[in-house]
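So you can see what is in the structure, the chains are spelled out below.
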Amino acid sequence: MNGPPQYSREPADKRAFTEAADRQYSRWSGLYDLAVRILPVWRRWLDQALPHLHGPRLLEISFGTGYLLSRYAGRYECHGIDYNREMVAMARRNLRRAGLAADLKQGDVEALPYADGTFDSVLITMAFTAYPDADRAMTEIRRVLCPGGRLVLVDVNFPVDGNRLGTWLTRRWQAGGDIIRDLPAILRRFGFRVEDREIGGWGSIHLTLAEKLPDPN
Ligand SMILES: C[S@@+](CC[C@H](N)C(=O)[O-])C[C@H]1O[C@@H](n2cnc3c(N)ncnc32)[C@H](O)[C@@H]1O
């Protein structure tokens, strides 16, 4: 066992953090697309979000090259936003090739270009750990969800039982630059009912389901 989880600090220079990550995504977007296609374990983790999506209106934030979009786009009114221009271009191309449609934009989770209460579900996979300011991101995510709306997240976190392998794997992601946070605690602070499940990687990959509760007043 490894003692209590050592969560990450938020980066001091948030703009520099985002821009550095964005350069890497631009450089590796083609390889990223290939990796998602050929790595069954990655697809297995992401696919576990699918049964929890509710329509009719769905927003995927940070969709990357659009693997999950291509799995559900025929079934909902789909919107998506991602910071990286190359990822957006690649996702558009992938959807077009699959004969599917979605309204995809380039933009930042911290300034979502949608009206309050627009979406029944918001989906984010393997990306919350890339956001440099959890509170600003969560404020925007909560704002665009309708009352009772669902936030469905797949991401890295420490295993609840503190097992060595899962903890080691989480620390490897952390060493690579991912910001590992106590996501269920953040979600509760932002007025969500939360269910957190470990779905892979010896407890290091979590599916977190959150329901937006009414504003307290
Ligand atoms: C590791 S990839 C995950 C892609 C995909 N969701 C998946 O699970 O394979 C992280 C994605 O987050 C996006 N991203 C990073 N910072 C962002 C921000 N501030 N706002 C929106 N998207 C962001 C990146 O452009 C990238 O496409």
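K.L.:
What exactly am I supposed to notice about the sheet that holds strand β4 (residues 119–125) here?
P.N.:
As a general point, the strands of a sheet are linked pairwise by backbone hydrogen bonds and lie either parallel or antiparallel. The strand order β3-β2-β1-β4-β5-β7-β6 describes an open sheet built from 7 strands, whose pairing is mixed. The sheet terminates laterally at β3 (103–106) and β6 (192–200), the two strands that pair on one side only. Going from strand to strand, the sheet's axes swing by 15 degrees on average, the running direction of each strand aside. The sheet contact formed by strand β2 (residues 77–82) and β3 spans 4 bridges and is parallel. Among the inter-strand pairings, G80 is bridged to a residue of β3, identified as L104. Its contacts with the sheet place helix α4 (residues 85–97) against β2 and β3, and it is angled at close to 165 degrees to β3.

K.L.:
What's the story with the nonpolar core in this structure? I'm lost.
P.N.:
The nonpolar side chains of soluble globular proteins are, as a tendency, buried together. Counting residues in each nonpolar core, the largest one holds 31 residues, and the members touching the most others are L53, Y72, M126 and V154. Where this core is concerned, the elements lending two or more residues are α2 (40–47), α3 (69–72), α4, β5 (145–156) and β7 (205–212). If we ignore the near neighbours within four places in the chain, the residues touching V154 are W45, A49, I124, T125, M126, I199, I205, H206 and L207. With 27 residues, the next largest nonpolar core counts I61, I81, F119 and F190 among its residues.

K.L.:
I would appreciate a short explanation of the site of the ligand in the present structure.
P.N.:
Lining the immediate surroundings of the ligand are 18 residues, of which Y32, S62, D82, D108 and T125 lie closest. Measuring from an oxygen atom of the ligand, one finds a side-chain N or O atom of W42 at 3.2 Å. T125 is positioned with one of its side-chain polar atoms (N or O) 2.7 Å from an oxygen atom of the ligand. In the complex, 95% of the free accessible area of the ligand, which totals 600 Å², lies under the protein chains. At the level of secondary structure, the elements contributing two or more residues to the shell around the ligand comprise α1 (14–38) and α2. Residues belonging to the shell around the ligand are distributed by class as follows: 11 nonpolar, 5 polar and 2 charged.

K.L.:
Can you walk me through the side chain of D82 in this structure?
P.N.:
Mapped onto the elements, D82 comes out in strand β2. Summary of buried charges: D82 has no salt-bridge partner, and the nearest side chain of opposite charge, R85, is 10 Å away.

K.L.:
Help me understand the pairing of β5, please; the structure alone is not making it clear to me.
P.N.:
A regular strand places its side chains on the two faces of the sheet in alternate fashion. Within β5, 9 of the 12 residues are buried, leaving the element largely enclosed by the surrounding structure. Considered for its hand, the β-α-β crossover made up of β4, helix α5 (residues 134–144) and β5 is right-handed. In this structure, β5 lies alongside β7, joined through 7 bridges in antiparallel fashion. Opposite D155, over in β7, you have H206 as the bridge partner.

K.L.:
When you look at the packing of aromatic side chains in this model, what are you seeing that I'm missing?
P.N.:
We describe a pair of aromatic rings using the distance from one ring centre to the other and the angle between the two ring planes. Under the definition given, this model contains 7 aromatic pairs. On the numbers, 5.7 Å between centres and 75 degrees between planes, the contact of Y7 with F158 is edge-to-face. Placement of the pair is Y7 in the segment before α1 and F158 in the loop between β5 and α6 (164–175), with a sequence separation of 151 residues. The class of F158 is buried, set by a relative accessible area of 6%.

K.L.:
Could you clarify how one ought to interpret α2 in this entry?
P.N.:
Within the span of α2, buried status applies to W42, W45 and L46. Down the axis of α2, the sector holding all buried residues measures 95 degrees, keeping them to one side. Contact partners of the buried residues in α2: α1, β4, β5, α6, β6 and β7.

K.L.:
Would you mind going over a nonpolar patch on the surface with me for this structure?
P.N.:
Together, W28, L31, L34, I38, L39 and V41 give the surface a local cluster of nonpolar side chains, amounting to about 550 Å² of exposed area. Along the chain, the position of V41 falls in helix α2. Classification of V41 as partly exposed rests on a relative accessible area of 31%.

K.L.:
Is there a simple way to think about α5 in this case?
P.N.:
Residues spaced three or four apart along an α-helix face the same direction, because each turn holds 3.6 residues. Within α5, burial applies to A134, A137, M138, E140, I141, R142 and V144. Of the surrounding secondary structure, the elements contacted by the buried residues of α5 are β1 (57–61), β4, β5, α7 (183–189), β6 and β7.

Rules behind the numbers
Residues numbered from 1 in each chain as written. Predicted model: local features only at pLDDT ≥ 70, side-chain atom pairs only at ≥ 80, totals over all residues. Heavy atoms only, no water. Pairing = 2+ DSSP bridges. Helix = DSSP H or I, 4+ residues; strand = E, 2+ residues; numbered from the N terminus. Axes fitted to C-alpha atoms, helices over the stretch in contact; angles between N-to-C directions. Contact = heavy atoms within 4.5 Å. Core = buried A, V, L, I, M, F, W, Y, C linked by side-chain atoms within 4.5 Å. Buried < 20%, exposed > 50% of the residue type's maximum accessible area, 1.4 Å probe, protein only. Near = heavy atom within 4 Å. Polar contact = N/O pair within 3.5 Å; in protein donor to acceptor, adjacent residues only side chain to side chain. Areas by Shrake-Rupley, 256 points an atom, 1.4 Å probe, with all protein chains shown as cover. Nonpolar A, V, L, I, M, F, W, Y, C, P; charged D, E, K, R; others polar. Lys, Arg positive; Asp, Glu negative; His and termini not counted. Salt bridge = Lys/Arg side-chain N within 4 Å of Asp/Glu carboxyl O. Right-handed = clockwise from strand over helix to strand, strands pointing away. Phe/Tyr/Trp six-rings, centres within 6.5 Å; stacked < 30°, edge-to-face > 60°. Arc of directions from axis to C-beta. Patch = residues over 30% accessible without salt bridge, like charges linked within 9 Å, V, L, I, M, F, W, Y side chains within 5 Å.

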